[in-house]
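The primary structure of each chain is shown beneath.
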Amino acid sequence: MTKARAMHEHEGQKKGPERVRKILVTAGPTIEPLDPIRYISNHSTGTMGYEIAGECARRGFDVCLISGPVHLSPPSGVEVVKVTTAREMRDRVLERVGESDCLIMAAAVCDFRPGKVERQKIKKRGELRLRLVKNPDILLEVGQREGLVKVGFALETENPVENGKNKLRAKDLDMIIINTKSEGADPFGPGEKRYMLMDRGGNIREFKDVMKRQMARVIIGEVEKYFG
Ligand code: C5P
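Residues numbered from 1 in each chain as written. Predicted model: local features only at pLDDT ≥ 70, side-chain atom pairs only at ≥ 80, totals over all residues. Heavy atoms only, no water.

> Before we go on, may I ask you to explain the pattern of salt bridges in this structure?
Side chains that carry opposite charge are capable of pairing whenever their charged atoms lie near each other. Taken as a whole and assessed by the stated rule, the structure comprises 20 salt bridges. The shortest N-O distance in the salt bridge between E118 and K116 comes to 3.5 Å. Between E222 and R205 there is a salt bridge, with the nearest N and O atoms lying 2.8 Å from each other. Remark: R205 occurs in strand β12 (residues 204-210) and E222 occurs in helix α6 (residues 212-226); sequence separation between them is 17 residues. (Salt bridge = Lys/Arg side-chain N within 4 Å of Asp/Glu carboxyl O. Helix = DSSP H or I, 4+ residues; strand = E, 2+ residues; numbered from the N terminus.)

Dropping the structure here:
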């Protein structure tokens, strides 16, 4: 039994250093509407975020999972908040992060959204030019505060160490997990993947051909170390 679960079962929701830690996890893609019928999005399936949320719940943490649209069943013992767009995800994260001890941003947030959402279905025509505007960067908006452990993810096809380090610094993260997609391999969905786990101190660990559930265990094991 983990320390967190033992505290949960024997002492309940105590205030102070021994209370049950709250973990906020995001998962899945966001989808950004173009009109009532169409949208832009990405191939995220939500698997990693759901595995992380499930692992946190099994270890006795209090877990809130903010999820974009996915086809996965919610892990048991987890509060799920469903969202669609990046801005909705940002709003829900900002509402909940103040009470959280750790934020794990596993969601593949769309960096851009259509500048205008048409009220009616756009008619077929010769050419359609889309203007995309930047979505908020949720990790940047959360910022840093004493007592919040911030974990991010990145999918890098080249220079994973350098790009990972830059992202860790820019988003002021305690830890970043880099999915080092190799040529021809699908980084999305279940199956074995390659990762690098990098912490604020510059320590790097590599994981080759691991399932997302295994990787979730490693990540939460690392998060627990921050809680002493
Ligand atoms: O910069 P990049 O999108 O690769 O950063 C990935 C990390 O930042 C992920 O943890 C992702 O959830 C988070 N992110 C965010 N807000 C965005 C885009 C990404 O918090 N708009």
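Read on for the rest.
> It is not clear to me how helix α3 (residues 86-97) should be interpreted in this structure. Could you clarify?
It helps to recall that an α-helix has 3.6 residues per turn; residues three or four apart then point in one direction. Across its twelve residues, α3 extends 16 Å between first and last C-alpha, which sits within 8% of the 16 Å expected from 1.5 Å per residue. Along α3, the residues classified as buried are A86, M89, R90, V93 and V97. One side of α3 holds all its buried residues, which, seen down the axis, span an arc of 100°. Close packing links the buried residues of α3 with β1 (22-27), β2 (32-33), β4 (62-67), β6 (102-105) and α4 (138-142). (Expected span 1.5 Å × (residues − 1). Buried < 20%, exposed > 50% of the residue type's maximum accessible area, 1.4 Å probe, protein only. Arc of directions from axis to C-beta. Contact = heavy atoms within 4.5 Å.)

> Looking at this model, I keep getting lost on the site of the ligand. Mind explaining?
Taken together, M105, A107, V109, D111, P136, D137, I138, L139, G152, F153, K167 and K171 form the complete shell of residues around the ligand. Side-chain polar atom of K171 to an oxygen atom of the ligand: 3.0 Å apart, as the coordinates give it. Protein chains bury 87% of the 450 Å² of accessible surface belonging to the ligand in isolation. Among the residues forming the shell around the ligand, the class breakdown is seven nonpolar, one polar and four charged. (Near = heavy atom within 4 Å. Polar contact = N/O pair within 3.5 Å; in protein donor to acceptor, adjacent residues only side chain to side chain. Areas by Shrake-Rupley, 256 points an atom, 1.4 Å probe, with all protein chains shown as cover. Nonpolar A, V, L, I, M, F, W, Y, C, P; charged D, E, K, R; others polar.)

> Can you help me understand the pairing of strand β11 (residues 193-199) in this one?
It is a general feature of regular strands that their side chains alternate between the two faces of the sheet. Burial runs high along β11: six of the seven residues are buried. With five bridges joining them, strand β10 (residues 175-179) and β11 adopt antiparallel strand pairing. Each bridged residue has a counterpart across the sheet, and for I178 the counterpart in β11 is M196. Where β11 folds back onto β12 in an antiparallel hairpin, the turn is made up of four residues, including G202, whose phi is positive at roughly 90°. (Pairing = 2+ DSSP bridges.)

> Help me out: how do you make sense of the nonpolar core in this one?
What tends to happen in soluble globular proteins is that the nonpolar side chains get buried as a cluster. In this structure, I23, I52 and M215 are the most contacted members of the largest nonpolar core, which totals 30 residues. It is helix α2 (residues 47-58) that provides the largest number of residues to this core, a total of six residues. Discounting residues that sit within four places of it in the chain, M215 has contacts with M48, I177, Y195, L197, F207 and V210. In terms of nonpolar packing, the next biggest core, distinct from the first, is built from 22 residues, V83, A107, L168 and I178 among them. (Core = buried A, V, L, I, M, F, W, Y, C linked by side-chain atoms within 4.5 Å.)

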